[in-house]
Structure formats: C-alpha cells, structure tokens
Amino acid sequence: DTAVSQTPKYLVTQMGNDKSIKCEQNLGHDTMYWYKQDSKKFLKIMFSYNNKELIINETVPNRFSPKSPDKAHLNLHINSLELGDSAVYFCASSHGQPQHFGDGTRLSIL
Amino acid sequence: AQTVTQSQPEMSVQEAETVTLSCTYDTSESDYYLFWYKQPPSRQMILVIRQEAYKQQNATENRFSVNFQKAAKSFSLKISDSQLGDAAMYFCAYRSAGASSGSRTAGGTSYGKLTFGQGTILTVHP
C-alpha cells in the first residue's frame with residue numbers, strides 16, 4: 001500500500017544515454033512534483049503538475065521532459081544524460097498539505 | 001524569491017537529551033507553511049512537523065516541537081528525549097499558501113513548491 005512509488009530505485013547508465021523514471025501515487029492527490037537532490041544533499045524543485053497540467057518548471061534544461069498521462073502518474077524522461085545529472089530524484093504528491101515523497105531514485109552517470 | 005537558511009551543518013546530542021535545530025527564512029508573503037522533514041540514511045523524506053503561518057500557537061508532535069517567530073522569520077525544531085532513531089539529516093522547508101494546493105505561478109511567485117534549507121545532520125550519541 002505504498003503511497004508514492006518510484007521506479008527504479010537505482011539507475012546506473014552511461015553519458016549520452018536516455019532514461020526514464022516513473023512515479024505513481026495512490027493517494028488521490030491532484031498535484032505531483034519532481035525534486036532533485038544533488039551530491040551536497042541540496043533539494044530543489046524541478047517540475048510540478050496539477051491535474052496533468054504543467055504548473056512549475058524551474059529553469060530545468062529541456063533535456064528533462066516530464067510527462068503526466070493521468071493525475072496519478074508523473075514520469076521523468078531525461079535525454080542525453082550528462083555527468084551533472086547524477087543525483088537522487090524525488091517524486092512527491094499533495095492535495096493541500098503536506099507533500100508526500102517517494103523513496104527517491106539514485107541516478108549515477110558513468 | 002523565498003530563501004531558507006539552516007546555519008548548522010551538523011549538530012550532535014546525547015541520547016535522552018534535548019537539541020534545537022535552527023532555521024530562518026526570507027519572504028515578503030504573509031501566508032505560508034513551514035515544515036521540518038527528516039531524511040535518515042535510507043533517504044526517505046519523512047514529514048516531522050508543520051506550521052501554518054497564520055497560527056500563533058507553536059506546533060507539537062510528541063517529542064518534536066517548534067518555536068515559530070513570525071516577525072523574526074525563525075522556525076526552530078526542538079527534539080526532546082532524543083533517541084538513536086532520531087539520527088538523520090533534517091530539512092526545513094517553506095511553501096507559499098497561494099491560491100490552491102497546486103500551484104500556479106503568479107507575479108513571479110510559484111505556489112506549491114517546497115523551498116528547502118541546506119539541511120542539518122543530527123548525530124545522537126548513546
């Protein structure tokens with residue numbers, strides 16, 4: 001009965017590849033988010049979707065493309081991966097307060 | 001834009017003692033929410049406590065309580081009777097109240113997103 005689930009939990013790939021991270025929430029929330037946690041543990045918003053509509057895009061390179069097929073899913077596709085993309089990516093959802101987080105996906109670029 | 005500052009990169013406490021983690025923020029808004037999240041080594045983000053800015057009363061959750069000073073823009077977390085399981089990284093976070101739970105961008109303000117501090121690593125000594 002996981003509330004916010006992300007797959008995969010770990011992703012190791014080479015520079016230049018394209019990869020996707022999936023997120024699903026079963027809480028009935030209408031808003032979903034992607035956050036990036038860098039090597040210094042700093043967390044920063046990337047995107048937010050409300051009822052499948054993009055609401056927030058925090059100056060993320062266009063190699064990152066979120067997709068929300070329905071309000072329970074928000075996937076993140078990354079093209080042409082770079083070394084600087086290595087991080088932990090967190091999905092979250094909310095309806096009002098507070099935001100509920102997934103367990104994160106650790107992306108490592110070789 | 002809102003900013004959140006945690007000035008203590010690391011703190012330590014003896015088991016059963018009390019520790020206070022500091023957080024200050026900068027905003028021109030009058031209505032907002034503040035949160036403390038805990039991130040143990042398992043990397044889960046766990047909500048510890050939250051405070052609505054319009055409420056003067058400090059929030060409490062069992063051994064966790066906050067000292068919310070709106071005028072000073074300060075939001076510290078007090079952990080009483082510290083336990084080994086409290087060891088983790090703690091993040092202070094800010095969220096605009098905005099017009100809805102979501103989201104929208106208006107006048108340059110992005111509602112809905114959480115703005116995090118840099119984090120404080122808490123070590124609990126037995």
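Each remark here, short or long, concerns the structure printed above.
Residues numbered from 1 in each chain as written. Chains lettered and ligands numbered in written order. Predicted model: local features only at pLDDT ≥ 70, side-chain atom pairs only at ≥ 80, totals over all residues. Heavy atoms only, no water.

### Some remarks on the pairing of strand E14 (residues 120–125) of chain B
Residues and elements named next belong to chain B.
Next, step 1: Only one face of E14 is covered, namely the one carrying Thr120, Leu122 and Val124; the face carrying Ile121, Thr123 and His125 has none of its residues buried.
Next, step 2: Bridge count between strand E2 (residues 10–14) and E14: 5 bridges; the pairing is parallel. Residue pairing across strands places Met11 opposite Leu122, the latter belonging to E14.
Next, step 3: Note: strand E10 (residues 88–96) against E14, 3 bridges, orientation antiparallel. Looking at the pairing, Tyr90 lines up with Thr120 of E14. (Buried < 20%, exposed > 50% of the residue type's maximum accessible area, 1.4 Å probe, protein only. Helix = DSSP H or I, 4+ residues; strand = E, 2+ residues; numbered from the N terminus. Pairing = 2+ DSSP bridges.)

### A closer look at unusual backbone geometry
Excluding glycine, residues mostly carry a negative phi; peptide bonds, for their part, are mostly trans.
Next, step 1: Omega for the bond connecting Thr7(A) with Pro8(A) falls within 30 degrees of zero, at -5 degrees, which places this linkage in the cis form.
Next, step 2: Relative to the assigned elements, Pro8(A) resides in the loop between strand E1 (4–7) and strand E2 (10–13).
Next, step 3: Even without glycine at this site, Lys52(A) takes up a positive phi of about 70 degrees.
Next, step 4: Tracing the backbone through its elements, the reader meets Lys52(A) in the loop between strand E5 (43–50) and strand E6 (53–57).
Next, step 5: The class for Lys52(A) is partly exposed, based on a relative accessible area of 48%.
Next, step 6: Of note in this structure, Asp81(B) is not a glycine but carries a positive phi near 50 degrees.
Next, step 7: Its location among the elements puts Asp81(B) in the loop between strand E9 (74–79) and E10.

### Overview of empty space enclosed by the protein
Residue and element names in this part refer to chain A.
Next, step 1: As enumerated under the stated definition, the model contains 1 cavity of 30 Å³ or more in all.
Next, step 2: The volume enclosed by the largest cavity comes to roughly 30 Å³.
Next, step 3: Residue lining of the largest cavity: Asp30, Met32, Tyr49, Asn50, Asn51, Lys52, Ser68, Lys71, His73 and Leu74, and that is the complete set.
Next, step 4: Here the residues of the lining of the largest cavity sort into 3 nonpolar, 4 polar and 3 charged. (1 Å grid on protein atoms, 1.4 Å probe; cavity = no way out; pocket = protein on both sides within 12 Å on 5 of 7 lines; lining within 4 Å. Points joined across faces, edges and corners; volume = space filled by probe spheres on them. Nonpolar A, V, L, I, M, F, W, Y, C, P; charged D, E, K, R; others polar.)

### Some remarks on the pairing of strand E9 (residues 87–94) of chain A
Regular strands have side chains that alternate between both faces of the sheet.
Residues and elements named next belong to chain A.
Next, step 1: Along E9, 8 of the 8 residues are buried, which leaves the element largely enclosed by surrounding structure.
Next, step 2: Neither face of E9 is exposed, since Ala87, Tyr89, Cys91 and Ser93 on one face and Val88, Phe90, Ala92 and Ser94 on the opposite face are all buried.
Next, step 3: Relative to E9, strand E4 (residues 31–37) runs antiparallel, the two being bridged by 7 bridges. Note that in E9 the partner of Tyr35 across the bridge is Phe90.

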